[in-house]
Structure formats: C-alpha cells, structure tokens
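Single-letter residue listing:
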Amino acid sequence: MKPGKHANGKQKFLSDVVSISDFSRPDIELVLKEAERMEKLSREKKAQILKNIVVALLFFEPSTRTRLSFETAIQNLGGRVIGFADASVSSTKKGETLSDTIRIVESYADIIVMRHYIEGAARRAAEISKKPVINAGDGANQHPTQTLLDLYTIKKEFGKIDGLKIAMAGDLKYGRTVHSLLYALSKFNNVEVFLIAPESLRMPRHIIEDVKGKVKVFETQEMEKYLDRIDILYSTRIQKERFPDEIEYEKVKNVYVITKKMLEKAKKGMKVMHALPRVNEITTEVDETPNALYFQQAANGLPTREALLALLMGVKK
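Residues numbered from 1 in each chain as written. Predicted model: local features only at pLDDT ≥ 70, side-chain atom pairs only at ≥ 80, totals over all residues. Heavy atoms only, no water.

Provide a residue-level description of helix α5 (residues 121-128), including the pertinent values.
Residues three or four positions apart in an α-helix share a direction because the helix packs 3.6 residues into each turn. Along α5, the residues classified as buried are A121, A122, A125, A126 and I128. The arc that holds the buried residues of α5, viewed along the axis, is 165°, so those residues lie on one side. Structurally, α5 contributes buried residues whose contacts are with α4 (98-105), β5 (111-116) and β6 (133-138). (Buried < 20%, exposed > 50% of the residue type's maximum accessible area, 1.4 Å probe, protein only. Helix = DSSP H or I, 4+ residues; strand = E, 2+ residues; numbered from the N terminus. Arc of directions from axis to C-beta. Contact = heavy atoms within 4.5 Å.)

Tell me about the packing of aromatic side chains, and please be specific about residues and values.
Enumeration according to the criterion identifies five aromatic pairs in this entry. Measuring from ring centre to ring centre gives 6.1 Å for F13 and F23, while their planes differ by 75°; the resulting arrangement is edge-to-face. Separated by 10 residues along the polypeptide, F13 in strand β2 (residues 12-14) and F23 in the loop between β2 and α1 (25-40) bring together distant segments of the chain. A single burial state applies to F13 and to F23, both of which are buried. Taking 5.1 Å as the distance between ring centres and 65° as the angle between the ring planes, the aromatic pair formed by Y294 and F295 counts as edge-to-face. Classification of Y294 by relative accessible area gives buried; the value is 0%. (Phe/Tyr/Trp six-rings, centres within 6.5 Å; stacked < 30°, edge-to-face > 60°.)

Help me get a handle on the sheet that holds β6, residues and values and all.
Sheet strands associate in pairs through backbone hydrogen bonding, adopting either a parallel or an antiparallel arrangement. Strand order in the open sheet formed by four strands is β4-β3-β5-β6, with parallel pairing between adjacent strands. Across the chains shown, the open sheet's two edge strands, defined by having one partner strand only, are β4 (80-84) and β6. Between one strand axis and the next, the sheet turns by 15° as a mean value, whatever way the strands run. As defined by bridge partners, strand β3 (residues 54-59) adjoins β5 across five bridges and the pair is classed as parallel. Bridging from a neighbouring strand, V55 pairs with I111 of β5. (Pairing = 2+ DSSP bridges. Axes fitted to C-alpha atoms, helices over the stretch in contact; angles between N-to-C directions.)

Describe a nonpolar patch on the surface, with residues and values.
A cluster of nonpolar side chains, contributed by I82, I104 and Y108, occupies part of the molecular surface with about 290 Å² of accessible area. Mapped onto the elements of the fold, I104 is located in helix α4. (Patch = residues over 30% accessible without salt bridge, like charges linked within 9 Å, V, L, I, M, F, W, Y side chains within 5 Å. Areas by Shrake-Rupley, 256 points an atom, 1.4 Å probe, with all protein chains shown as cover. Salt bridge = Lys/Arg side-chain N within 4 Å of Asp/Glu carboxyl O.)

How would you sum up the nonpolar core? Please name residues and give values.
The biggest cluster of nonpolar side chains holds 60 residues, and the ones touching the most others in it are M168 and L309. If you look at the next biggest cluster of nonpolar residues, it comprises 19 residues, including M223, M262, V272 and I282. (Core = buried A, V, L, I, M, F, W, Y, C linked by side-chain atoms within 4.5 Å.)

Got a sec to walk through the environment of L311? Specific residues and values, please.
Its location among the elements puts L311 in helix α11 (residues 301-312). Counting along the chain gives 296 residues from L311 to S15, while the straight-line C-alpha distance between them is 9.3 Å.

Tell me about the pairing of strand β11 (residues 271-274), and name the residues and values.
The alternating pattern of β11 places K271 and M273 on one face and V272 and H274 on the opposite face, and all of these are buried. Here four bridges tie strand β10 (residues 232-235) to β11, and the two strands are oriented parallel to one another. Bridging across to β11, S235 finds its partner in H274.

Explain the pattern of salt bridges residue by residue, including any values.
For the structure shown, the criterion picks out 18 salt bridges. With a shortest N-O distance of 3.6 Å, K271 and E157 are connected by a salt bridge. Of this pair, K271 sits in strand β11 while E157 sits in helix α6 (residues 144-158), and the two are 114 residues apart along the sequence. Linking D231 and K267 is a salt bridge whose minimum nitrogen-to-oxygen distance equals 2.8 Å.

Which residues make up the packing of α6 against α11, and what are the values?
For the pair α6 and α11, the least separation of the axes is 9 Å and the interaxial angle reads 120°. If you check the angle between α6 and α11, you find them oblique. Crossing of α6 against α11: the hand is right-handed. Here T145, Q146, L148, L149 and Y152 of α6 lie close against α11, whose contacting residues are G301, P303, T304, R305 and L308. When its residues are assigned to classes, the contact of α6 with α11 shows five nonpolar, four polar and one charged. (Parallel < 35°, antiparallel > 145°, perpendicular 65-115°, else oblique. Left-handed = near helix turned anticlockwise from the far one by under 90°. Nonpolar A, V, L, I, M, F, W, Y, C, P; charged D, E, K, R; others polar.)

If you had to explain the environment of D100 to someone new, which residues and values would you point to?
Positionally, D100 belongs in helix α4. Overall, D100 belongs to the partly exposed group, its relative accessible area being 38%. The spatial distance from the C-alpha of D100 to the C-alpha of A125 is 9.9 Å, given a sequence separation of 25 residues.

Pulling in residues and values, what's your account of the packing of α1 against α6?
Look at α1 against α6: their axes get within 10 Å of each other, and the N-to-C directions meet at 70°. With respect to each other, α1 and α6 are oriented roughly perpendicular. Between α1 and α6, the residues in contact are I28, V31, L32, A35, E36 and E39 and L148, L151, Y152, K155 and K156, respectively. Class assignment of the residues belonging to the contact of α1 with α6 gives a composition of seven nonpolar, no polar and four charged.

Spelled out as structure tokens, the structure:
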C-alpha cells in the first residue's frame, strides 16, 4: 500500500484501504478527525466533495449495513454509484476472473469498494487497480472500515481509546471485525483485551502473535467473570455460513447470550457493541438499557465512510 497525500496537503494518507494493519496511529486519528468534521459539515458543502466522481460498489457477498452506508455516504458527498449487490448478476457468473472484473471496472469508476468471500481478494484488487480500492470485508480475514467506525464510536463515547479494557466475545476465529479491531487496538497505549471464546472459535494464533507486546491479551472462555472490570463488551455473531460442519455450529451457536439481567453485574458505564446483524447473542431487552451502543455504532458508519471517501479523493496512485 503506497502512501498518498491528503487533499489538505498536510498529511499523507494511504492509497488503498485494504487492511487495518497498513494504518499507522496517525492514519487512524486522521480518519477519526475527518469523520467528526463530516458530522458537522453542512449538506451543501458535503455534496461538493465527490461531485462528478463515480464509485463502484462490488459486493460478491451479501451485505446490508456496509453496502447501504457506503451508498448513502457516496450520495451525501455528491458522487454517483455503480456496481452490484449480488455477484450472480455480474459476469463472474460466466466465469470472469476477479482480475478482469477489476480491470474493467476501474475504467468506469474513480474508487472501487469491494466485499468478497475470498481472503486476500481485496489485496489482489488493490495490486491490479490504478484507482483506490476499499476493502468492505474479505472472507474471514479483515473488515477495516468496520474497525474505523468502531474506533470512532469508542472515541465518541469514552473520549479516548488509550487505557481501555475491551472484551471480544463469541466467534473470534471467523470474525473479521474482531481480527481488524485487535490489530487496530495494538496501535494504542495501555489497552487490555479479553478474548472470550470456546476452544473451537479462539482468535487465530498468528494474530495474537502479531500483536504480542503491543497490547495486553487475556484468553478465556468465561464472560460474566470479567463484566465488572471491562469498559466495552464487543459481541460477535456465531457465523453459521463460515462453518464447514453444521454440527460444530450447533454446538456453539448459543455459547454467549447477553441478557439484561447479566448486565446488572457490569461495570458502571460499560457499553455493549456489535457489528450486526445479530441473531440471538444479544437479547432485545438489552436494546433499552444504557449499555446498548450497537445501533449508534452502526449509524457511525456513515460519517466514517464519508471520511474515508473524502480522504481517498486527495490520493493518486
């Protein structure tokens, strides 16, 4: 990933958004600052940022929040959207390779936003494309824009990221959101992370090794034991679609269910986050508690993605 220059000329920014590992702390802080600016910017001024710009949304895998928030962000910034939400209506159905798809689409669009079911597909697309590529999720690998909106949510709620205690619970093996988030948290100071998962869904060992010495990591299978000391409980969906064996999924699908009663044991001010969609890992009664932060978290995807699009428009590969 090559560095580009932000439109304000003051700070270089990345030419693609592929992995959160490519971001330095200043890169992350620039996005968060820009997201805050987007929330305050008037509709009229915002609509000039992507004027006459075309953004391609290529979603080879289903999505609701990510796709719609990107589409809304593009329209808010005055841009135009092309692409597909279902790969079955694209030429990949006829056997077109990803490389050929990217080469064709880059001749139509100024920015490419892609979600793909294959790990590493976004990196490959960025290598091929002369236009900026944004990874909207590649298999069980990473989801950098989700992580940036997560960090923006945390910063808005707590006023900081340094020094927080954050638990991640559920599917840590296939959950690309928590993979990216752990990498991102390793760039901040004095953060403690509790990885709560059954043995079969533990965080991949290579990720833990990658962040070793940068963030304090504790692995456990117990959740309630740590509720009185953590600031954030980040719940994840047990992803049925990524299990090679449905029997294994049935064994763990209800392993961690957050209830209103359970939250009575929580530290004061503790917040529950979730990338959504949820299935049954957070009961609906939690929605009305002061702990629930996941709907605001989803809403924060809009200014965060507006910020990324605006920053990338100041970049040339």
